[in-house]
2 protein chains.
Amino acid sequence: MESYKIPKKSVERLSIYKRILKVIMDAGFTTVSSRELAERAGLNSAQVRKDLVYFGQFGTPGMGYQVSMLHRAITKIMGLHKKIPVALTGVGNLGQALLAYPGFKERGFIIEAIFDNDHEKVGKKKNGLKILDEKNISSEIKKKKVRVGIIATPPSAAQFAANKLIEGGIKGILNFAPIELKVPSGITVVNVALCEKLEMLSYYLSKRKLL
Amino acid sequence: MESYKIPKKSVERLSIYKRILKVIMDAGFTTVSSRELAERAGLNSAQVRKDLVYFGQFGTPGMGYQVSMLHRAITKIMGLHKKIPVALTGVGNLGQALLAYPGFKERGFIIEAIFDNDHEKVGKKKNGLKILDEKNISSEIKKKKVRVGIIATPPSAAQFAANKLIEGGIKGILNFAPIELKVPSGITVVNVALCEKLEMLSYYLSKRKLL
DNA sequence: CAGGATTTGTGAAATTTATCACAAGGAATA
DNA sequence: TATTCCTTGTGATAAATTTCACAAATCCTG
């Protein structure tokens, strides 16, 4: 039952379990049941157990899961136990917020290079990093052995940035631009659907005549 | 087939169709087929048709959909044809980025009030708005008839902000904080899972031994 | 206006995902 | 050690979602 075909949703929930485990661990508890994890995550307990079993047998019947052990196991499974060098493209408002976002560093994602296509910005410093020209993305990230790219450009510049990142050897992209990036197979793109979420909210409120 | 039970996924995709329709419209085309929409969105054409039929019959056999008509229809369905007053809580890096994010205004979401619990910040101005004390959220948003709240606080302050927003009569929350908000029934919460997405990317790369 | 080419809308089938329900394993108590 | 109480892991079942496949509707060409 190792890594045959794991639902994307299960992977996303793994991240949620990890976050909750941290809270439980900091509160001083040493074990936790699938029922409690489920309750805190707003899920069904069988689902929690099924999700975890995709990755191994972590529990003890009658007792539950060892909090710190499970937390460590998930961290390792997700590859969050080592530092990951990252490049950021687009140093606008969103890009700057991401640059300062503590969550990235906490998870081991270290932003090593930042790029923009605005010549007004190129050469200036942000958070101790010099803003580089987008034209040089591929050579710069090769030099710094960056493995992950974040796209925080406007939609019109996103595909160009993606191409340059891929040219530079990047295998994974976190995309904040609201477009469907075209990438060759072998490149993993994860989209953060900021606009879509906002519009969903509008839809649900509108349907209930609350707007 | 009107609004019986529409999958959440369909609603989210509606937003994607709207975005693509805009592109096609700006390129000067007047009609579009489900096949083309599907291709651009990376989906199956039957799915596009099924999604749209949840909301009405928009297409013409042999011809496809009228681009501008469909775009307008989706905008209306999603309640994005009128202005929506919004309150933002948490004027940190993320909050400031959201404040300056053009996508909000473009979609009719007008940020009318901003709050923070940091007394250093309260009273100062950002983007023409005075930062108000989080303690006064409920009275302020009642005054300004705000309908939607955005939470961009650190996780530790998120539940407090949510409570105050709800106290002030808000029905919808866009939550950027990585916690499961506890809200009474009748309140719609949409989470933007920033950290989760990042961690998913790490997982997929890690699995392929690319980190 | 007839015939061929498209493309929609939609039942039916396939696939995926979530929930139920319970046997089996282990802890805790006496 | 026997007994009771929990809780896991999991096969079976149910629900949700996606894809297939085609009749019916409309366009377009000659």
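Thresholds, definitions, all that
- Residues numbered from 1 in each chain as written.
- Chains lettered and ligands numbered in written order.
- Predicted model: local features only at pLDDT ≥ 70, side-chain atom pairs only at ≥ 80, totals over all residues.
- Helix = DSSP H or I, 4+ residues; strand = E, 2+ residues; numbered from the N terminus.
- Buried ≥ 20, exposed ≤ 12 C-beta atoms within 10 Å, placed from the backbone.
- Contact = placed C-beta atoms within 7 Å.
- Axes fitted to C-alpha atoms, helices over the stretch in contact; angles between N-to-C directions.
- Parallel < 35°, antiparallel > 145°, perpendicular 65-115°, else oblique.
- Left-handed = near helix turned anticlockwise from the far one by under 90°.
- Nonpolar A, V, L, I, M, F, W, Y, C, P; charged D, E, K, R; others polar.
- Core = buried A, V, L, I, M, F, W, Y, C linked by C-beta atoms within 7 Å.
- Near = placed C-beta within 6 Å.

### A look at the overall build of chain A
Part 1 of the argument: When its secondary structure is counted, chain A shows 9 helices and 10 strands.
Part 2 of the argument: By its C-alpha atoms, chain A is 60 × 50 × 35 Å across when sized along the principal axes.
Part 3 of the argument: Per-residue burial over chain A gives 42% buried out of 211 residues.
Part 4 of the argument: Here the analysis covers contacts within chain A between residues at least 6 apart in sequence; of these, 57% occur between residues at least 24 apart.

### What about the packing of helix α9 (residues 194–207) of chain A against helix α1 (residues 8–26) of chain B?
Part 1 of the argument: Their axes nearest at 9 Å, the elements α9 of chain A and α1 of chain B cross at an angle of 120°. In terms of orientation, α9 of chain A and α1 of chain B fall into the oblique class. Crossing handedness for the pair α9 of chain A and α1 of chain B: right-handed. Of α1 of chain B, the residues touching α9 of chain A (which contributes C195, E196, E199, M200 and Y203 of chain A) are V11, E12, S15 and I16 of chain B.
Part 2 of the argument: A breakdown of the residues in the contact of α9 of chain A with α1 of chain B according to their chemical character gives 5 nonpolar, 1 polar and 3 charged.

### A short note on the nonpolar core
Part 1 of the argument: Grouped together as the largest cluster of nonpolar side chains are 123 residues, with contacts concentrated most on V86, L88, I114 and I151 of chain A together with V86 and I151 of chain B.
Part 2 of the argument: Apart from residues lying up to four places away in sequence, V86 of chain A is in contact with F109, I110, I111, E112, V146, V148 and I150 of chain A.

### Here we look at the protein's contact with DNA strand D
Part 1 of the argument: G59 and G62 of chain A together with N44, P61 and G62 of chain B are the nearest of the 30 residues found near DNA strand D.
Part 2 of the argument: Listed by contribution, the elements that provide at least two residues to the surface near DNA strand D are α2 (34–41), α3 (45–53), β2 (59–60) and β3 (64–66) of chain A together with α1 and α3 (45–53) of chain B.

### Some remarks on the interface of chain B and chain A
Part 1 of the argument: Taken residue by residue, the interface counts 48 residues in chain B and 49 residues in chain A.
Part 2 of the argument: Secondary-structure elements contributing two or more residues to the side of chain B that touches chain A are α1, α2 (34–41), α5 (93–100), β9 (172–175), β10 (188–191) and α9 (194–207) of chain B.
Part 3 of the argument: Looking at the side of chain B that touches chain A, its residues break down into 26 nonpolar, 11 polar and 11 charged.

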